[in-house]
Amino acid sequence: MPYATDARRIGDHVAGELQLTFAEAGFWLEARGAVPISGRAYVDIAPIPAEVAARLIERVREWAAR
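Note that the structure is a prediction, hence the values are computed from the model and not measured. (Residues numbered from 1 in each chain as written. Predicted model: local features only at pLDDT ≥ 70, side-chain atom pairs only at ≥ 80, totals over all residues. Heavy atoms only, no water.)

Engineer: Can you walk me through the environment of Leu29 in this structure?
Structural biologist: Positionally, Leu29 belongs in the loop between α1 (2-24) and β1 (31-33). For Leu29, a relative accessible area of 4% gives the class buried. Each C-alpha atom, one on Leu29 and one on Gln19, is 5.8 Å from the other, the two residues being ten residues apart in sequence. (Helix = DSSP H or I, 4+ residues; strand = E, 2+ residues; numbered from the N terminus. Buried < 20%, exposed > 50% of the residue type's maximum accessible area, 1.4 Å probe, protein only.)

In C-alpha cells:
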C-alpha cells in the first residue's frame, strides 16, 4: 500500500529532523516514525525525564514567542 509507505517515510523523516533540531538546541530526544494510521504520518518520542521536559517546554515557548 504506497499511501501507508509514504506516510511511514514522512514520519521517519520528520522524526529525524526533530531529533536533529532538538539535539542542536541541547536536548536528546529519541524519535522515530510510528505506524501510519489512515494514511497519516505519526512520530513516536520516547519518554524523557521530567526535568528535561520542563526545560524543553520553556525552550519551545521561547521559540513560539519569536
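Let's pick the thread back up.
Engineer: Is there a simple way to explain the packing of aromatic side chains in this structure?
Structural biologist: Any aromatic ring pair is given by two values, namely how distant the centres are and how the planes are angled relative to each other. Scanning the model with the defined rule gives one aromatic pair in all. Where Phe22 meets Trp63, the ring centres are 5.7 Å apart and the plane angle is 40°; that geometry is what we call tilted. Here Trp63 lies in helix α2 (residues 50-65) and Phe22 lies in helix α1, a separation of 41 residues in the sequence. Assessed through its relative accessible area of 12%, Phe22 is described here as buried. Judged by its relative accessible area of 28%, Trp63 is partly exposed. (Phe/Tyr/Trp six-rings, centres within 6.5 Å; stacked < 30°, edge-to-face > 60°.)

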